[in-house]
Amino acid sequence: MAQAARAWWPGGRALAWRLGGRLAPGLPAQSRTGFAGAAGGRGPAATARKGSPRLLGAAALALGGAVGLYYTARWHLHAQNLLAKRSATQLSLSGRLQLTLYQYKTCPFCSKVRAFLDFHALPYQVVEVNPVLRAEIKFSSYRKVPILLAQEGDSLQQLNDSSVIISALKTYLVSGQPLEDIITYYPPMKAMNDQGKEVTEFCNKYWLMLDEKEAQRMYGGKEARTEEMKWRQWADDWLVHLISPNVYRTPAEALASFDYIVREGKFGAMEGAMAKYLGAAAMYLISKRLKSRHHLQDDVREDLYEAANKWVAAVGKDRPFMGGQEPNLADLAVYGVLRVMEGLEAFEDLMQHTRIQPWYLRVEKAIAEAPQ
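Rules behind the numbers
- Residues numbered from 1 in each chain as written.
- Predicted model: local features only at pLDDT ≥ 70, side-chain atom pairs only at ≥ 80, totals over all residues.
- Heavy atoms only, no water.
- Helix = DSSP H or I, 4+ residues; strand = E, 2+ residues; numbered from the N terminus.
- Buried < 20%, exposed > 50% of the residue type's maximum accessible area, 1.4 Å probe, protein only.
- Contact = heavy atoms within 4.5 Å.
- Areas by Shrake-Rupley, 256 points an atom, 1.4 Å probe, with all protein chains shown as cover.
- Axes fitted to C-alpha atoms, helices over the stretch in contact; angles between N-to-C directions.
- Parallel < 35°, antiparallel > 145°, perpendicular 65-115°, else oblique.
- Left-handed = near helix turned anticlockwise from the far one by under 90°.
- Nonpolar A, V, L, I, M, F, W, Y, C, P; charged D, E, K, R; others polar.
- Pairing = 2+ DSSP bridges.
- Patch = residues over 30% accessible without salt bridge, like charges linked within 9 Å, V, L, I, M, F, W, Y side chains within 5 Å.
- Salt bridge = Lys/Arg side-chain N within 4 Å of Asp/Glu carboxyl O.
- Phe/Tyr/Trp six-rings, centres within 6.5 Å; stacked < 30°, edge-to-face > 60°.
- Expected span 1.5 Å × (residues − 1).

## Remarks on the overall build of the protein chain
- Tallying secondary structure elements over the protein chain gives 14 helices and six strands in all.
- Within the protein chain, the proportion of its 372 residues that are buried is 46%.
- Of all intrachain contacts in the protein chain linking residues separated by at least 6 positions in sequence, the fraction that spans at least 24 positions is 69%.
- Surface accessibility of the protein chain: about 19,000 Å² in total, with carbon and sulfur atoms responsible for 56%.

## Regarding the packing of helix 7 (residues 222–237) against helix 12 (residues 329–339)
- The geometry of helix 7 relative to helix 12 is characterised by a closest axis approach of 8 Å and an angle of 15° between their N-to-C directions. Taken together, the axes of helix 7 and helix 12 are roughly parallel relative to one another. Crossing handedness for the pair helix 7 and helix 12: left-handed. For the pair helix 7 and helix 12, contact is made by Glu 228, Trp 231, Arg 232, Trp 234 and Ala 235 and by Leu 329, Ala 330, Ala 333, Val 334 and Val 337, respectively.
- Among the residues forming the contact of helix 7 with helix 12, the class breakdown is eight nonpolar, no polar and two charged.

## Concerning the packing of helix 7 against helix 11 (residues 300–315)
- Between helix 7 and helix 11, the least distance of the axes is 13 Å, while the angle of their chain directions is 170°. Of the possible angle classes, the one that applies to helix 7 and helix 11 is roughly antiparallel. Across the interface between the two elements, Glu 227, Trp 231 and Trp 234 of helix 7 pack against Ala 307, Lys 310, Trp 311 and Ala 314 of helix 11.
- Across the contact of helix 7 with helix 11, the residue classes break down as five nonpolar, no polar and two charged.

## Things to note about the sheet that holds strand 1 (residues 97–103)
- In spatial order, the strands read 2-1-3-4; together these four strands make up an open sheet with mixed pairing. Each end of this open sheet is capped by a strand with a single partner; those strands are strand 2 (124–128) and strand 4 (155–160). Put simply, the sheet's adjacent strands are angled 20° from each other on average, direction ignored.
- Pairing between strand 1 and strand 2: five bridges, direction parallel. In the sheet register, Tyr 102 faces strand 2, and the bridge partner there is Val 127.
- In the packing of helix 3 (residues 108–119) onto the sheet, contacts are made with strand 1 and strand 2, and the angle to strand 1 comes to roughly 155°.
- Here helix 4 (residues 162–175) sits on the sheet in contact with strand 1, strand 3 (147–152) and strand 4, set at roughly 135° to strand 4.

## A look at a nonpolar patch on the surface
- On the surface, a nonpolar cluster with roughly 320 Å² of combined accessible area is contributed by Met 270, Met 274 and Leu 278.
- Classification of Met 274 by relative accessible area gives partly exposed; the value is 37%.

## Some points on the packing of aromatic side chains
- The full count for this structure, using the stated rule, is ten aromatic pairs.
- Residues Tyr 142 and Phe 202 carry aromatic rings whose centres are separated by 6.0 Å and whose planes lie at 70° to one another, so their mutual orientation is edge-to-face. You can see Tyr 142 sitting in the loop between strand 2 and strand 3 and its partner Phe 202 sitting in strand 6 (residues 198–202), a full 60 residues away along the chain. Like Phe 202, Tyr 142 is buried.

## What to know about the environment of Trp 231
- Take Trp 231: it is sitting in helix 7.
- A sequence separation of 91 residues divides Trp 231 from Met 322, and the C-alpha atoms of the two residues are 9.5 Å apart.
- Excluding residues within four positions of it along the chain, Trp 231 makes contact with Lys 310, Trp 311, Ala 314, Met 322 and Ala 330.

## Side note on the pairing of strand 3
- Among the six residues that make up strand 3, five are buried, leaving the element largely enclosed by the rest of the structure.
- Alignment of strand 1 against strand 3, held across six bridges, turns out to be antiparallel. From the neighbouring strand, Leu 101 faces strand 3, where its bridge partner is Leu 148.
- As paired elements, strand 3 and strand 4 share six bridges and run antiparallel to each other. Looking at strand 4, one finds that Glu 152 is bridged to Ser 155.
- Connecting the antiparallel pair strand 3 and strand 4 is a turn made up of two residues, with Gly 153 showing a positive phi of about 65°.

## A short note on helix 7
- Here helix 7 spans 22 Å end to end across 16 residues, near enough to the 22 Å set by a 1.5 Å rise per residue.
- For helix 7, every residue scored as buried is listed here: Arg 225, Glu 228, Met 229, Trp 231, Arg 232, Trp 234, Ala 235 and Asp 236.
- Considering only its buried residues, helix 7 is in contact with helix 3, helix 4, helix 6 (212–219), helix 11 and helix 12.

Laid out in structure tokens, this is it:
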């Protein structure tokens, strides 16, 4: 039961912090669709030396307004062009793929993949896996989720590991290379983890296999590509390890988490009853071990808050997403990991005590408005 419980992460119920569409109390009143432009302060004309001709001041003010309108219009057109190009390319390529996602709904790695698929308007079927028996993935020697089966013509490919799935599909959408060729760029490799257990790792999993022109068109420069890879890995190596200690922090939170898991997961009646109580108790104890293993603070909420604010600082105030005018793979990864806590006490605390909510809602909106 403990092994099955470790695979599950909670989330997904109605949110008190989103009631009536209002921002949560105590948070900055920023736009859900982007940071407001800088306002206030005196313009060039207002700071002109006393006695300067009024005509010169008026001309400067007019010029500043014209430049501002120009850049606003340019960014708007740039965003629209990006959307149009992405829609046309994906419509052509996505029609060649039939995707089936094997998942646990409350697994943060599975949530990452769904966020990617939904944002890129890739249709897919979901198979919910029983976390105890895992009979749904008996066809696979790889026994973790997510697993994605991708049918492209007569070729059926199995993609394992959330970051490999995302990198391979994004490479496919950008380059148009056959998927069966792309997955060979991410070979599995056996390794030993810190506990001495053999695990499967995948080479290059944060790297998109693009030529120079494709990379330039997608990123605009090496810095953006490096930044995206860095924060995708951060989501896997650090952020995801803060979820379990926070949602199972107390016995009451552990029980609330498993109450949702049982309702949303694929359990039989007896399995569900056992999972709710035995699983909650097991994960409460396991979360204490995870806290020690990852060297978390006594109050694990503080680590969660610090991580959220670190992410917001990395995005910065001058762009709505790390990807600029639309979410990139790092935005979608961080959003996917955090989303599994929705409806739980840890998530509401996160929204109220950090600066992450405006960015979170912008990503949520971008995914919801993705062209279908």
